[in-house]
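# A structural walkthrough
Take a look at the letters that make up each chain.
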Amino acid sequence: MKLQLWRNATLLLNIDGISVLVDPMLGEKDSMGKMPMTDSELLNPLTDLPFNKEELNKRLKEIDAVVVTHLHPDHWDPAAVGLLDKNIPIICSDIIADHIAAQGFTNIIAVNNKIQWKNIEISATKGQHGTGEIGEKMGVVNGFVFKKENESVYIAGDTIWYDEIASEIDKHQPQHIIVAGGAATFSVGDPIIMTSEDIVKVCEYAPDSTVWVTHLEAVSHCREDRKFIQGKITEKGLENQCFILKDGEEVSLKQM
């Protein structure tokens, strides 16, 4: 398996030659505007994709499927809806399948629990996008585990650390875990995705898994940047287990 971070939560996962694009936010820098429920005047996304429009269109033609964990615009934006081929397979939870179908996509693969697709086992996982009233407003989110033969990767999606994440790790025993860091927080309430402390908890709970951190420095409500999180990783002695991906960076997800 290979993994490339495009920006924020947008990932390209290559599984034995099959390319899967996860949570596409494809709009240009500033195209989403201000983040609601924050005091920030910054326009989102804060950064452009790590390649130009011509290269983006070329890459989109090479994709075999798209995975959508939830419908927030930093994971599924109007640019993605407009640019993606309406016949491309869209893998998503059954909860959001009708919404995506209403946007004109005709090849939706809804996952309630587990499916087999192109000899890849794909399991939907639970997540919690914050706590209290804010968590309720953020709605239902999920992640996915991809397994093929002896390789496995768990994309946790937009979630904080809570007991269910431990249960998913116990259930699937992933070799690689991809988490959304940055401690995104609105003007009220607690963080809605993982803090650096949450990331450390993932590492400590799954010491045999490699942990990859995404969702950084691309949207304005994130409170922790790469430098801050790297400091926490170093402080806890986790440099050989936990890695922060740069935009455009491609890595090999080695078997363990």
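Since the model is a prediction, treat every value here as computed from it, not as a measurement.

What follows covers the overall build of the protein chain. Along the protein chain, the regular secondary structure elements total seven helices and 16 strands. Taking 2.2 N^0.38 as the reference for a compact globule, 256 residues should give roughly 18 Å; the C-alpha atoms of the protein chain span a radius of gyration of 17 Å, in line with that estimate. Across its three principal directions, the C-alpha atoms of the protein chain cover 45 × 45 × 35 Å. Sorting the 256 residues of the protein chain into buried and exposed places 57% on the buried side. For the protein chain, the exposed surface amounts to about 11,400 Å²; the carbon and sulfur share of it is 47%. Separation of charge centres in the protein chain, based on 24 positive and 39 negative side chains, amounts to 3 Å.

So, about unusual backbone geometry. The linkage connecting Asn44 with the following residue, Pro45, adopts the cis geometry, with an omega of -10°. By secondary structure assignment, the location of Pro45 is in the loop between β5 (43-44) and α1 (53-61). Phi is positive for Asp30, which is not a glycine, with a value near 75°. Relative to the helices and strands, Asp30 is located in the loop between β3 (18-22) and β4 (33-34). We note that Glu217 has phi near 60°; this positive angle belongs to a residue other than glycine. Mapped onto the secondary structure, Glu217 falls in the loop between β14 (210-214) and α7 (226-235).

Structurally, the position occupied by Asn8 is in the loop between β1 (2-7) and β2 (10-15). A relative accessible area of 0% means that Asn8 is categorised as buried. Apart from the residues lying within four places of it in its own chain, the contact partners of Asn8 are Met25, Asp74, His75, Thr214, His215, Ala218, Val219 and Asp247.

Once that is clear, we can look at the sheet that holds β1. Overall, mixed pairing links the seven strands, which are arranged β8-β7-β6-β3-β2-β1-β16 in an open sheet. Where the open sheet ends on each side, the last strands, each with one partner, are β8 (108-111) and β16 (250-252). Taking each pair of neighbouring strands and ignoring which way they run, the sheet shows an average axis angle of 25°.

We now examine the packing of aromatic side chains. Applying the stated criterion across every chain yields a total of five aromatic pairs. Between Trp76 and Phe105, the ring centres sit 5.4 Å apart and the planes meet at 55°, which makes this aromatic pair tilted. Note that Trp76 is positioned in the loop between β6 (65-68) and α2 (78-83) and Phe105 in the loop between α3 (97-102) and β8, a separation of 29 residues in sequence. One exposure class covers both Trp76 and Phe105, and it is buried. Here the basic side chain of Lys86 rests over the ring of Phe105, its NZ or CZ set 4.8 Å away from the ring centre.

The next subject is α7. Where α7 is concerned, the buried positions are Arg226, Ile229 and Ile233. Within α7, the buried residues cover an arc of 70° as seen down the axis, which keeps them to one side. Along α7, the residues that are exposed and aim more than 90 degrees away from the buried face are Lys227 and Glu235. Against β1, α6 (196-205) and β15 (242-244) lie the buried residues of α7. Backbone geometry just after α7 places Gly237 at a positive phi near 70°.

Sheets are built from strands that pair by backbone hydrogen bonding, the pairs being arranged parallel or antiparallel. If you walk across this open sheet you meet the seven strands as β9-β10-β11-β12-β13-β14-β15, and the pairing is mixed. A strand with exactly one partner marks an edge of an open sheet, and here the two such strands are β9 (114-117) and β15. When strand polarity is set aside, the average angle formed by the axes of neighbouring strands in this sheet is 20°. The pairing of strand β13 (residues 176-180) with β14 spans five bridges and is classified as parallel.

Among the nonpolar cores identified, the biggest contains 28 residues, and Leu3, Ile91, Trp117, Ile122, Phe144, Phe146 and Leu253 are the most heavily contacted of them. Setting aside anything within four residues of it in sequence, one finds Leu3 in contact with Leu11, Leu12, Leu13, Ile178, Leu245, Glu249, Glu250, Val251 and Leu253. In terms of nonpolar packing, the next biggest core, distinct from the first, is built from 24 residues, Ala166, Val179, Met194 and Val202 among them.

Attention now moves to the environment of Leu46. Tracing the backbone through its elements, the reader meets Leu46 in the loop between β5 and α1. Using a relative accessible area of 24% as the deciding quantity, one classes Leu46 as partly exposed. Once the C-alpha coordinates of Leu46 and Gln175 are considered, the two residues, 129 residues apart in sequence, prove to be 31 Å apart.

Rules used throughout
- Residues numbered from 1 in each chain as written.
- Predicted model: local features only at pLDDT ≥ 70, side-chain atom pairs only at ≥ 80, totals over all residues.
- Heavy atoms only, no water.
- Helix = DSSP H or I, 4+ residues; strand = E, 2+ residues; numbered from the N terminus.
- Rg over C-alpha atoms; globule rule 2.2 N^0.38 Å.
- Buried < 20%, exposed > 50% of the residue type's maximum accessible area, 1.4 Å probe, protein only.
- Areas by Shrake-Rupley, 256 points an atom, 1.4 Å probe, with all protein chains shown as cover.
- Lys, Arg positive; Asp, Glu negative; His and termini not counted.
- Charge placed at Lys NZ, Arg CZ, Asp CG, Glu CD.
- Contact = heavy atoms within 4.5 Å.
- Pairing = 2+ DSSP bridges.
- Axes fitted to C-alpha atoms, helices over the stretch in contact; angles between N-to-C directions.
- Phe/Tyr/Trp six-rings, centres within 6.5 Å; stacked < 30°, edge-to-face > 60°.
- Lys NZ or Arg CZ within 6 Å of the ring centre and 35° of its normal.
- Arc of directions from axis to C-beta.
- Core = buried A, V, L, I, M, F, W, Y, C linked by side-chain atoms within 4.5 Å.

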